[in-house]
Amino acid sequence: MAGSQSRTIACDQCGRKNRVPAAAEGTPRCGNCRAPLPWITDAGDQDFAEVAEQAKPYVLVDLWATWCGPCRMVSPALEQVAHQLAGRVKLVKVDIDQNPRLAQRFQVQAVPTLLLLEKGEVISRKTGAAPAPALRQWVEESLAARR
């Protein structure tokens, strides 16, 4: 169950370590300084609805595979973007080999495939690896188009 999964994330503002659940109401904040925390988690066929579709902030979905070199290259860049956009975006990673129903649902033809979701609906899609500044620009432009 997703609700029992959590990651320990150090606050970018004060350095305090916080436990951030895979699924929760609202957005995570530091228990010490109340700064928004980056929300980075994994999801699969069983818990995607709870972890990604019911999330309040926008959700950046990374559909990847362990054998994919570009996927391994883009992962740190996506985590950097999640830190930069803490409180606005939740990063959800999905291994398509372990979760074929999600790969089929989102019609993944190549990896990495990145999706930006709002309340479970795809609002933007990008295929292929890119450096962190380009990924952040894509996310920012996609969010700006929603306003």
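The structure under discussion appears in the preceding block.
Anyway, here's the lowdown on the structure attached to this text. All figures in this text were calculated on a predicted structure; none of them were measured in a lab. (Residues numbered from 1 in each chain as written. Predicted model: local features only at pLDDT ≥ 70, side-chain atom pairs only at ≥ 80, totals over all residues. Heavy atoms only, no water.)

## Quick word on the overall build of the chain
The helix and strand tally for the chain stands at 4 helices and 7 strands. If you list the helices and strands of the chain from N to C, you get β-β-β-α-β-α-β-α-β-β-α. By the compact-globule yardstick of 15 Å for 147 residues, the chain fits well, its C-alpha radius of gyration being 14 Å. Its C-alpha atoms put the chain at 45 × 35 × 30 Å along the principal axes. With 147 residues in all, the chain has 48% of them scored as buried. Nonlocal contacts in the chain, meaning residues at least 24 apart in sequence, comprise 61% of its contacts between residues at least 6 apart. As presented, the chain carries roughly 7,600 Å² of accessible surface, and 46% of it is formed by carbon and sulfur atoms. Of the side-chain charges in the chain, 19 are positive and 15 negative, and the distance between the mean point of each set is 6 Å. (Helix = DSSP H or I, 4+ residues; strand = E, 2+ residues; numbered from the N terminus. Rg over C-alpha atoms; globule rule 2.2 N^0.38 Å. Buried < 20%, exposed > 50% of the residue type's maximum accessible area, 1.4 Å probe, protein only. Contact = heavy atoms within 4.5 Å. Areas by Shrake-Rupley, 256 points an atom, 1.4 Å probe, with all protein chains shown as cover. Lys, Arg positive; Asp, Glu negative; His and termini not counted. Charge placed at Lys NZ, Arg CZ, Asp CG, Glu CD.)

## Comments concerning the pattern of salt bridges
Counted by the stated rule, this structure contains 6 salt bridges. In this structure, K93 engages E79 in a salt bridge whose closest nitrogen and oxygen atoms are separated by 2.7 Å. Residue K93 is located in strand β5 (residues 89-95), and its partner E79 is located in helix α2 (residues 69-84); the two are separated by 14 residues in the primary sequence. According to the relative accessible area criterion, K93 is buried, its value standing at 8%. Classification of E79 by relative accessible area gives partly exposed; the value is 27%. (Salt bridge = Lys/Arg side-chain N within 4 Å of Asp/Glu carboxyl O.)

## Looking at the sheet that holds strand β7 (residues 121-127)
In spatial order, the strands read β3-β5-β4-β6-β7; together these 5 strands make up an open sheet with mixed pairing. Strands with a single pairing partner mark the edges of an open sheet, and in this sheet they are β3 (39-42) and β7. Put simply, the sheet's adjacent strands are angled 20° from each other on average, direction ignored. Here strand β4 (residues 58-64) pairs with β5 via 7 bridges, running parallel. Each residue of the ladder has a partner; that of L60, found in β5, is L91. (Pairing = 2+ DSSP bridges. Axes fitted to C-alpha atoms, helices over the stretch in contact; angles between N-to-C directions.)

## Focus: the packing of aromatic side chains
Applying the stated criterion across every chain yields a total of 1 aromatic pair. Each ring, one from F48 and one from F106, has its centre 5.7 Å from the other, and the planes form 65°; the classification is edge-to-face. Of this pair, F48 sits in helix α1 (residues 48-53) while F106 sits in the loop between α3 (100-105) and β6 (113-118), and the two are 58 residues apart along the sequence. By the burial criterion, F48 is buried, and F106 matches it. (Phe/Tyr/Trp six-rings, centres within 6.5 Å; stacked < 30°, edge-to-face > 60°.)

## Focus: the state of the cysteines
Here a disulfide denotes a covalent bond joining the sulfur atom of one cysteine to the sulfur atom of another. Taken as a whole and assessed by the stated rule, the structure comprises 1 disulfide. In this model C68 forms its disulfide with C71; the gap between the sulfur atoms is 2.5 Å. Between C68 and C71, the S-S torsion sits near 80°, and that sign places the bridge as right-handed. In terms of burial, C68 and C71 fall into one category: buried. (Disulfide = S-S within 2.5 Å.)

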